[in-house]
Each structure stands twice: as structure tokens, then as C-alpha cells.
Amino acid sequence: MCEKKINVPALFGEMVFGEQQMQQRLPADVYRAWQQSLAQGTALDRSVAGEIAGAMKDWAIEKGATHYTHWFQPMTGFTAEKHDSFITRDGKDGVRMELSAKELNKGEADASSFPSGGLRATFEARGYTAWDPTSYAFVKDDTLYIPTIFCSYSGQTLDKKTPLLRSMRELDRACVRILRLFGNTEVQHVTAQVGPEQEYFLIDKSAYERREDLKLCGRTLFGAKPPKGQELDDHYYGAIKPRVAAFMRELDQELWKLGVLAKTEHNEVAPAQHELAPIYADANTACDKNQLTMEMLKKVAARHGLVCLLHEKPFAGVNGSGKHDNWSLQTDTGENLLKPGGTPSQNAQFLLILAAFIKGVDEYQEMLRCCVSYPGNDHRLGGNEAPPAIISIFLGDELTAILDSIVQGTEYVDITKKKLRVGIDAMPDIPQDTTDRNRTSPLAFTGNKFEFRMLGSSQSIASPNVVLNTIMTEELSQFADRLEKAENFQSALQELLQETFTAHQRIIFNGNGYDDAWVAEAARRGLANLRDTVDCMPAYIDKKNVELFTKHAVLTETEMRARYEIHLENYCKVSAIEANTLLDMAQRSILPVAARYSGDLAKGMAHKQEAGLASTCRLEEHVGSVDSVTNCWMSARISLRRWRRLPPPTAASRPPTTSAGRSTPASGRPATSSASWNPWWTPRCGLILPMPTSCSGCKVYLLYNDCKKGTEASPPSPFSATYTVRRWPSPFFGTVRSVPPCTR
């Protein structure tokens, strides 16, 4: 069957009220005023906003819209919207369609109903949304979507877009200062450019509907490893199946209509895992478009009888999903500041930008680790499928050699690009890059950008880019302060580069980040190893980081502390939801089957004995094992139900903290009494459930079944991935392991 051909250039941006539409529909003076406002960062005049609102409304109605919404990104990590129709009274009985300047510029929302970290209370409900004129409006589902920021009645930011816009503004100013030092007077603005690579899983909807854990938690809490997973490496870049290909075609079309530069699609490593990568855009636009991409992935999948899973670790035993954040700096004249010249060793401007990045990552490594920490990503980071939890930078052979020559004060000999000969006469020679790729590095330089590989697939890209932008602003500002005062710019620059690269060599690592030896080496270098969310969150309220964000007016100290509270609360709530789901599935599905299976085995033994056939010792042992595990499950269920009714911990009830920063009981070992040990504060020690006296010495742990290794003394995080039975390989058991083994 011949499919209808698509005119992609005509389709692209069809549902976006972009620059082309504005130029066609706005008076020339209004259009120029809008452009000037964006270029200078000044507020739009109310009359100009009114003209834009009228043109935007007329265009949206032509596209079938009857409503508009202020579309914002609260601290949930998702988007939020409240729909209002265009109608207003026209005389006694009539209505007309209208969108005023006031309605375009400002909306109101209940700020107390969103995560606020204590900034808003139930009796302090007022919050405001305000139009972001730097991000284009669009029509989706017969509604005009107006991108906005979100703040409280007192002006405190409650969203992810506002800090991103602030950080981009400050970075712009710092970069221009640096360029002026090199005599560049043409550039007026520098923008952070971002290209996020979105990974995801697709599964059949019928299979999804049968799994309570997938529906409520986004991942499997129970399950058995299939006979074949990703062992053969045959899924990565493999042929795309027709059903998935049809989904991808429709997804591309929907995204193109919304102005999303969807470019690359392919199968990922794990079965049923795929990736979508767009062309880069400015950080603000890229963040908005990635939120749209995640939404459209789910919507389009549903039309094909599929479900899109964005959780970082929906299945154990196969790779999880991430979102590589490709970050660079581009001037308004089109120059990429992270692109080395023909001879990188002589490209002083590039080396200064590189030095700022290296210095910033080293000095603020804890904050970079913190901005990608949340429950879902804890299951992925540190396994042999994603970067380790230790922040480091990969530069490759050429740049590392350049830095070494600067540190040592020796002359660098440029590496000559080689030709790769394939050994087939008909094939041309392939130019070989001067550096390899390192997929184990959290921050890898890839030729003209840095690839931040630690982001999780469901995460908003706003916070990581806020951190990158802000630390670069700080370091470039320090460099500009120093160089602007220098009498001899060239000698001062050489001294600054040598000093910076020497002081921060420890953050550069070109080796295998998956190797256990790297953990020891990183500790020797003094690098932070923050293994999970609870370890990372104190970075939000660390004095050094608070000073960084307040100095550059990206976040206030109050807003930093609010985010700390929001993320910790989210961690507790996600853990509680997974615990309750696990409990419900065990009670309703696993235990009844276990009891029935045990009964069937016992009946089989009885029938053999009646027939005069001797039962094998192995069968008796199996029945005893099944019965033992069932009893353990019953006790664990009771303990878990008791635990979930515990109130949140108070400062007085928190256990003492060890030198490593983790909470432990005074005895040094996790206690089994809920009165003396609160599971909310044992993220790395597992949820420890006491067994009945008849089964003394048997403790049940919910184990992290990732690539990490747990021990009896310190098992990894609870509720962390699909769990695996060790002693009882019956198909209906999924999460219990006895340590030490129960001998009942």
C-alpha cells in the first residue's frame, strides 16, 4: 500500500506561533518591538503585548483552538496547565473570542497544591504564571499553549524554567566579558545550546495492564529473568520492527508539527528499548521541547497499543534508560565556543573556556551529582550501563596531551590525523578522529561539546543545565576579573591556564569508569563518591553552593532550601508508594499462590505415601523451603504494614550520623525495632523487617538487584529494581532473600 508523501518543511512548526507567523501577522513596529525586547532583555510594553495576544488568538482559532492555557513546569518535574476558553461576554446574550494582554501576560494558580518546600502553605495559596516571550506558543489538542514561569505570591520561584532563564542570562554576560578580552566586539550574546538524547522502553499495553507495579511505580518490583536478554548485543542498532517503526513515523510527524527537531532514532541496547535524539537548541527551548517529547512519546504509543516507559530502570537484568545532555556555547554570530580551532593548542580562547569548565566541575562536583539524583536514577547510576556516581571529565588523548604540555611548560606537538584503512579496495580511507569516545565517563568532551551522561530518562533537563550554566558563569567571571586587571594579557592568560590545569588535574580521567580500581583511585584523588539521593541532597544547602547560586541571582537561599526539602520529600513518597505497591502485590497475588502451591506439593506427597511410594528427600526439602519462605513473607507483610503507618521522622528521632554521612544506630548495625530505627532514614541499609521469635536470626531484606554488590552488613537501597530469589527458585517468589538463611 502506497503511503501518502509528507512535505516535511511545510509540516514543520505547523502548530507553532513562531517568528515566521509573528512577522506575517504583526504590524512592523510591533514585530520590531518584540525583537528588541528579546535582544535587550527588557519587558514588553502592554500595547505591544496586546497586539501579540490578538494575533496569537486569531492564529490559534484558525488551527481549531477554543481554549488557551499557561503551560508551566512546577517542581514535580512534569508540566502543568489550566485551560480557559477564549469566550467573553458580547452584549446580553452573545459571546466573542478574546485573548487580552493581561490574559497573555499573567495567570493565577494554587501555589500551595504544588511542591514548594514550605514556601507556600494551604492558607497561602496564591501563585502566578507569567508569559515567557522567549519560548514560542503552540496549539495542541485544540488548545493554545503559552509557555510561562511559575512563582509564589511573594515572588519566590516554584518552577524549573525560572532558574534556567536566570542562569542563561548570567552565563551570557560572563561569556561576553571573556570575548571582549580577546578583542571580539561583534558578539552581543552567547547562549547555552543543548541537545538531549531521550531513551525509553515500549511494551505492549496488554502486558502493562496486568502489572500493578508498572502502572503505579513505572517499573517492575517483582519478576523472573528471561532466558534471553541483551546478552547477544543484537538489539542495539538492530532492524526496527514494523510496529515500532510505525510508531516512530507518527511520533516524528507529531513532534515536527510542534517544532521539535526530532532527528535520530534507533534501537537501544536492551530489548524493547529505543532512543530519540533531536538537533540542539538553546537550553530554554530544548527544555520545553523535551517535555513535549516525553508527553508525545506516551500519547503516540497509546495509539499503537503500546505503553512508553520513561522510568530509569523498569526491568532488572537489562540496561536502564538515560538522557544524555549535550551542552555547548554558541554566539549570536554562529561561533561554537567549545569547538577547537585548526590547532587546539594555539586556540587560547577555547582553552580558557575549557579551563573554566574543568575548574567548575572540580569545585562543584557535589552539586553536579546532586542535580541528577532522585529515586529512579539511583537504580541506574553506578551500574555497568551508565556513568559511575563519581564525577569526572573525559577529554581524550589530544586535549589531555595539550593540558599536560601546558602544566609542564613544554612545547606541544600536534597529533596528525590518521587515515583508517578498511582493507577493501572499493572503500575510501576514513579520517580518524584524534580522540576516542568514552561511554563510561559522566562528562565527556565529544569534539565541540560536553556530553553530560548522568541524567535519567524521566528527568527534566532544566536543573542539570542550571548547574552547568551557573558554575560556568562563576568561573568565567573569576577569569574575567583577573584578566581585565592584567597589564600583559598574554602572559597573564598563560599563567592562568597553567595554574588552573595544574590545580584541577584530579577531575580528568580518561580510563574505564566501570572498573573497581577507579573507585579507589577517585578516593585517593579526593573526589566525592555520593552513591544515592540521600547522600547527594545536602549539596543543596551546602554553604559553598548556596553562595554560588545567590551570588549570581539564580536562586535565593530560601529557594535552595525549599528544593532540598522538595527532593527529600519526593524520595520518601516514591519509596512509600513502591513499598505499598509491593505489599499489595505480595498480599493479593504472591502469598495466595504460594500457599496454594505449597498445598499442592503436600497433597502430592500424601498421595505418594498412600500409594506406598516413598517421597524423595528433595521434595520434602522443597516443601519445607516453600513453607519457610511463605511464613517469612507473612511476617514481612505485617512488619511492612506497621512501618508504613509510622510518622515521618523528626530531628529528635533521627539516628546519629557516621563520618561517612549516613545515619546509623548507635550500635553501628541496623536495628530491627521500628521504635529505635526509622526506615525512612536507612536508604543504603535496606528496609529491615523483624522476623517472629520462632524464626530468630532471620532478617528479610529488600535487595537492590542492580549491578551493584550488597553485603549482609550494608545491603543496598530498598525498592530499587526487580528483585530476585536466591534460595527458592519458584516462579511466584520475587523479592525475599534471607540473611542468614532460615533453618526452619
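Whatever comes next refers back to the structure up there.
Quick look at the structure, then. Predicted model only: the values in this text are computed from it and were never measured. (Residues numbered from 1 in each chain as written. Predicted model: local features only at pLDDT ≥ 70, side-chain atom pairs only at ≥ 80, totals over all residues. Heavy atoms only, no water.)

A short note on helix α10 (residues 283–303)
Here α10 spans 30 Å end to end across 21 residues, near enough to the 30 Å set by a 1.5 Å rise per residue. Most of α10 is tucked away, with 17 of its 21 residues classed as buried. Positioned one or two residues after α10, G305 has a phi angle of 70 degrees, which is positive. (Helix = DSSP H or I, 4+ residues; strand = E, 2+ residues; numbered from the N terminus. Expected span 1.5 Å × (residues − 1). Buried < 20%, exposed > 50% of the residue type's maximum accessible area, 1.4 Å probe, protein only.)

Here we look at the pattern of salt bridges
Applying the stated criterion to the full structure yields 36 salt bridges. With its nearest N and O atoms 3.6 Å apart, the salt bridge here joins E559 to R166. Placement of the pair is E559 in helix α20 (residues 557–610) and R166 in helix α6 (residues 161–181), with a sequence separation of 393 residues. The two residues E559 and R166 agree in class, both being buried. The salt bridge involving D584 is made with R588; its shortest N-O contact spans 2.6 Å. You can see D584 and its partner R588 sitting in helix α20, four residues apart, about one turn around the helix. Overlapping salt bridges, with partners in common, bring together K140, D141, E295 and K299 in one network. (Salt bridge = Lys/Arg side-chain N within 4 Å of Asp/Glu carboxyl O.)

A closer look at the side chain of N469
Tracing the sequence through the fold places N469 in helix α15 (residues 462–484). Under the relative-accessibility criterion, N469 is labelled buried at 0%. At 3.0 Å, the side chain of N469 and the side chain of W327 are in polar contact. (Polar contact = N/O pair within 3.5 Å; in protein donor to acceptor, adjacent residues only side chain to side chain.)

A short note on the environment of K63
Residue placement: K63 occurs in the loop between α4 (46–62) and β2 (67–71). Residues K63 and D142, spaced 79 residues apart in sequence, show a C-alpha to C-alpha distance of 7.5 Å. Beyond its immediate sequence surroundings of up to four residues, K63 is in contact with E14, M15 and V139. (Contact = heavy atoms within 4.5 Å.)

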